[in-house]
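Observations on the model geometry
Chain residues, written in single-letter form:
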Amino acid sequence: MRACVDIGGTKVAVSLSASSDAPLIGRRSEPTAKTGDNDAVAVQIMRMIDEVCAEQGVDPAAIDRVGVSSAGPFELHDGMVELATPNICGGIAGPARGLPNNWMTAVVEAPLARRFARVRVENDAVAALEAERHWGALQGMDHCAYVTWSTGVGVGLCVDGRALRGKNGNAGHAGHSFVVDDASGALCGCGNVGDVEGLIAGNSIARRFGQPAADLFTSAAAGEPHSLEIVDALCRVMGRMLYNLVATLDLQRISLGGSVFWHHREFLLPRLQAHVDGKLPPLTRGVLLVPAGLGEKVGDYAALALLD
């Protein structure tokens, strides 16, 4: 029996599955732990696994594999993944970021490995990329990316049929790249001022513009001029990042997900596509931006994709 864990800056979700091709059952979700000791997220995951098992009549001892799809970046200590995730670890950017802890990392893999026989932790965007290639909108694609626009901005990359991981599993952190000069007030949880995530991530929008991202995008879609001006500027930032990925890696297709994008996808998709189309046609001709084929379930299936 497998446990599938999705760790984000806002929530942790846990599901069970009997095999890599079996449906997910017993999904449970709650806000990500951000107080107490820096093993709080691992403790939360183990408690949630026990609770889902109890609900589904599964013996927790039957869980022999755990796949963890988590927002990054990661650090490796003694070969085990610890989260250095800006939206979880408050010690990285300091008190100005407003998180209720001073963690530099959150230990995750080591506590889980002490209990479960097999644990695999991967960046959530890399795991979602694998899920989209297996079941979703990137099937048959050897040069592609998955991008999430949510609490943060994450990217999973595939070139020549191989998912890119890097030395610590952090390949694809384009959300912490810089694409503009004017960055006043855009403090990212990583400590950068004015990177993509600091400018356009869901929690950054609320801090910068004084209203939830959902309200801003709804107002823009209704044609309110000031909101539309702000959203067009946000789309320029995201669009430039997407174009840079295409130009750097010669991609065929990018699948897009995450709560900010997904709930406004019909409004946002053509605006983002416009920032790719027509720029250096030998690289961009035919490149498509598409909604995630797995929709809002991409995070859940991302963890399952790690356990093939």
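Description of the structure in this document. (Residues numbered from 1 in each chain as written. Predicted model: local features only at pLDDT ≥ 70, side-chain atom pairs only at ≥ 80, totals over all residues. Heavy atoms only, no water.)

On to the packing of aromatic side chains. Going through the model one piece at a time under the given rule, you end up with two aromatic pairs. When the ring of W135 is compared with that of Y301, the centres are 5.5 Å apart and the planes differ by 65°; the resulting orientation is edge-to-face. Of this pair, W135 sits in helix 3 (residues 124-135) while Y301 sits in helix 11 (residues 298-305), and the two are 166 residues apart along the sequence. Residue classification places W135 among the partly exposed positions, given a relative accessible area of 26%. A ring pair is formed by W149 and F217, whose centres lie 5.8 Å apart and whose planes are at 85°; its orientation type is edge-to-face. Of this pair, W149 sits in strand 9 (residues 144-149) while F217 sits in helix 6 (residues 213-221); the two residues are 68 residues apart in sequence, bridging distant segments of the chain. Since its relative accessible area comes to 1%, W149 is described here as buried. On the accessibility criterion, F217 (0% relative accessible area) is buried. Directly above the ring of W262 sits R265, whose terminal nitrogen or CZ lies 4.0 Å from the centroid. (Phe/Tyr/Trp six-rings, centres within 6.5 Å; stacked < 30°, edge-to-face > 60°. Helix = DSSP H or I, 4+ residues; strand = E, 2+ residues; numbered from the N terminus. Buried < 20%, exposed > 50% of the residue type's maximum accessible area, 1.4 Å probe, protein only. Lys NZ or Arg CZ within 6 Å of the ring centre and 35° of its normal.)

Turning our attention to the sheet that holds strand 3 (residues 25-31). If you trace the five strands from one edge of the open sheet to the other, you get 3-2-1-4-8, paired in mixed fashion. A single partner strand is all that each edge strand has here, and the edge strands are strand 3 and strand 8 (118-123). Each strand axis lies, on average, 15° off the axis of its neighbour in the sheet, ignoring direction. Note: strand 1 (residues 2-7) against strand 4 (residues 65-70), six bridges, orientation parallel. Bridge assignment links D6 to a residue of strand 4, and that residue is S69. Sheet strands in contact with helix 3 are strand 1, strand 4 and strand 8, and its direction is about 100° off that of strand 8. Packed onto the sheet, helix 11 meets strand 1, strand 2 (11-17), strand 3 and strand 4 and runs at close to 130° relative to strand 1. (Pairing = 2+ DSSP bridges. Axes fitted to C-alpha atoms, helices over the stretch in contact; angles between N-to-C directions. Contact = heavy atoms within 4.5 Å.)

On their own, these measurements won't tell you what the molecule is for.
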